[in-house]
Amino acid sequence: MKEKKNALQKLKQWIDGEITFFDAEESISRQQKKQQTFCFPKFSRLKKAQTSPAAYRLFCMGVAAIIILALLAVVNELPLFGAAEDPTNNEVVERYIESGIEETGAINFVAGMILDYRAFDTFGESNVLFLAVICVVMLLQKDEKNYNALEEREIQEDELFDKKSGKVLIRCAGKYLSPLVMLYGIYVILNGHLSPGGGFSGGSIVGAGLILYSVAYGHKKMQTFFTMKTFTIINVTCLLVYCACKSYSFFTGANHVGASVPKGIPGMILSSGFILPLNICVGMIVTCTMYGFYSLFTKGEI
Amino acid sequence: MNLSINYYSAVAIVLFGIGFMDLLMQNNLIKKFIGLNIMDTALYLFLAAEGYITGRIAPILTDGVVDASYYINPVPAGLVLTGIVVSVSVTAFSLALVQRLYKHFGTLNMDEIMRLSREGESE
């Protein structure tokens, strides 16, 4: 009760302009103090475990056995495998399949589901991939702190090895195989709404082609057409295009009510509204991510 | 016994347990993340097994049949896709962290890393 009164009085004083709740100088000094006292976590606070390794192993086995047995008991109660009256096959699935063709225009119901009904989920996935690459760049990018003479020598040796003509077999394979692999990946991306596949699987295939080329011809040659700048431009543009496409459908009524996008004839390559461009965007993001991971982990730069 | 018919789910559970054991018992950090990936894989197997219906075909329009009782459940496919993407991202991020730890301490053994960091503080 007393505190309440106190607060009320303070409020009155504040309205009258006698006191200030938020003192700028005080908060700045407090923040500075905080920064000065910031320290890295101390592991010494965690006491060393006194248990013997054998006891720990037994304990782990017990925990794992309990988890497995409990989950197996649950599986025993689940509906039978392959049963049509499984409660997971409810009206949602019926809707996705029976009105999927006229609402999304995609023959591949999964593509219609993940890129139309649940497109925001896929947008989140693309963002997760982008964030993962950014984190790996932060952790592994070559800079003064994260670089020593040994690694420099290793990279120089790698470059010397790339220049030598000893890698006949992999060069031949890279020359003739990587275009075919990339072409197949592009086919999978472009046919995402007609056949199994789509942005994620096709993007990984194209990324594998890029990695093969990089292995065969070295990192220097790869950098003539794929640098950090290209990577950033492609990734950001694709994310923005995805965002713009989905915002359009969202603002014109989430289910394309009103201003609808032309669906085309189901089964043609140019059909199903936004699914084809969205597949291309996702495919490019996944390609960049796959190659980016490889390049960052091996060379420390894209 | 449902367990003999639900054998895909049962195998998924056992795989999950194997991954969990790996995560708990290994000292090597990379082996720990291999265990995490085994757990992910078990989850995908479980979801894919839940979506299957006997005698039906993959959810891609064939012969012009638009009928929900002709195709299997497409929802688990989308969920597995999400899971794979998140698993790839988490694995890459954690392996990058492990690489930095290795550069700093020169070992991948958890106990060694804890011991070295303790010694570094007490100096």
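Quantities reported herein were computed from a predicted structural model and do not represent experimental measurements.

Reading guide: rules and limits
- Residues numbered from 1 in each chain as written.
- Chains lettered and ligands numbered in written order.
- Predicted model: local features only at pLDDT ≥ 70, side-chain atom pairs only at ≥ 80, totals over all residues.
- Heavy atoms only, no water.
- Helix = DSSP H or I, 4+ residues; strand = E, 2+ residues; numbered from the N terminus.
- Buried < 20%, exposed > 50% of the residue type's maximum accessible area, 1.4 Å probe, protein only.
- Contact = heavy atoms within 4.5 Å.
- Areas by Shrake-Rupley, 256 points an atom, 1.4 Å probe, with all protein chains shown as cover.
- 1 Å grid on protein atoms, 1.4 Å probe; cavity = no way out; pocket = protein on both sides within 12 Å on 5 of 7 lines; lining within 4 Å.
- Points joined across faces, edges and corners; volume = space filled by probe spheres on them.
- Nonpolar A, V, L, I, M, F, W, Y, C, P; charged D, E, K, R; others polar.
- Salt bridge = Lys/Arg side-chain N within 4 Å of Asp/Glu carboxyl O.
- pLDDT = per-residue confidence, 0-100.
- Core = buried A, V, L, I, M, F, W, Y, C linked by side-chain atoms within 4.5 Å.

Undergrad: Describe the overall build of chain B, with residues and values.
TA: When you go through chain B residue by residue, the secondary structure sums to four helices and zero strands. The N-to-C order of helical and strand elements in chain B reads α-α-α-α. Out of the 123 residues in chain B, the part that is buried amounts to 37%. Of all intrachain contacts in chain B linking residues separated by at least 6 positions in sequence, the fraction that spans at least 24 positions is 44%. A total accessible area of about 6300 Å² is found for chain B, and carbon and sulfur atoms account for 68% of it.

Undergrad: With reference to specific residues and values, describe empty space enclosed by the protein.
TA: In total, this model carries one cavity of 30 Å³ or more according to the counting rule given. The wall of the largest cavity is formed by A:Pro79, A:Leu80, A:Phe81, A:Gly82, A:Ala83, A:Asp86, B:Asn6, B:Ser9, B:Ala49, B:Glu50 and B:Tyr52. Of the residues belonging to the lining of the largest cavity, the class tally is six nonpolar, three polar and two charged.

Undergrad: Let's hear about the pattern of salt bridges: which residues, and what values?
TA: Scanning all chains against the criterion turns up three salt bridges over all chains. Of the charged contacts in the structure, one is a salt bridge between A:Glu157 and A:Arg153, with a shortest N-O distance of 3.8 Å. Pair noted here: A:Glu157 and A:Arg153 are both in helix α8 (residues 149-163), with a separation of four residues, about one helical turn. Classification of A:Glu157 by relative accessible area gives partly exposed; the value is 45%. Note that B:Arg115 is salt-bridged to B:Glu119, the shortest N-O span being 2.9 Å. In this pair, B:Arg115 and B:Glu119 both sit in helix α4 (residues 110-122), four residues apart, roughly one turn of the helix. Using a relative accessible area of 38% as the deciding quantity, one classes B:Glu119 as partly exposed. Among the charged side chains, a salt-bridge network with shared partners connects B:Glu112, B:Arg115 and B:Glu119.

Undergrad: Quick one: what's the story with the side chain of A:Asn235, residue by residue and with numbers?
TA: All names here are of chain A. Here asparagine 235 lies in helix α11 (residues 228-251). Among the residues examined, asparagine 235 registers a relative accessible area of 0% and is labelled buried. Non-local contacts of asparagine 235, meaning those with residues more than four positions away in its chain, are made with Phe130, Ile285 and Cys288.

Undergrad: With reference to specific residues and values, describe the confidence of the model for chain B.
TA: Here chain B averages 87 in pLDDT, and 97% of its residues register 70 or above. Per-element confidence in chain B is highest for helix α2 (residues 29-51) of chain B, whose mean pLDDT is 92, and lowest for α4(B), whose mean pLDDT is 80.

Undergrad: Which residues make up the nonpolar core, and what values do they have?
TA: Ranked by size, the top nonpolar core spans 30 residues in total, and within it A:Leu115, A:Phe200, A:Tyr242 and A:Leu278 carry the most contacts. Those elements that provide at least two residues to this core are α4 (91-98), α6 (109-117), α7 (119-140), α11 and α12 (275-299) of chain A together with α3 (75-105) of chain B. Here this core takes six residues from α12(A), the largest share from any one element. Apart from residues no more than four positions distant in its own chain, A:Phe200 is found in contact with A:Thr122, A:Glu125, A:Leu129, A:Val282, A:Val286, B:Leu81 and B:Val85.

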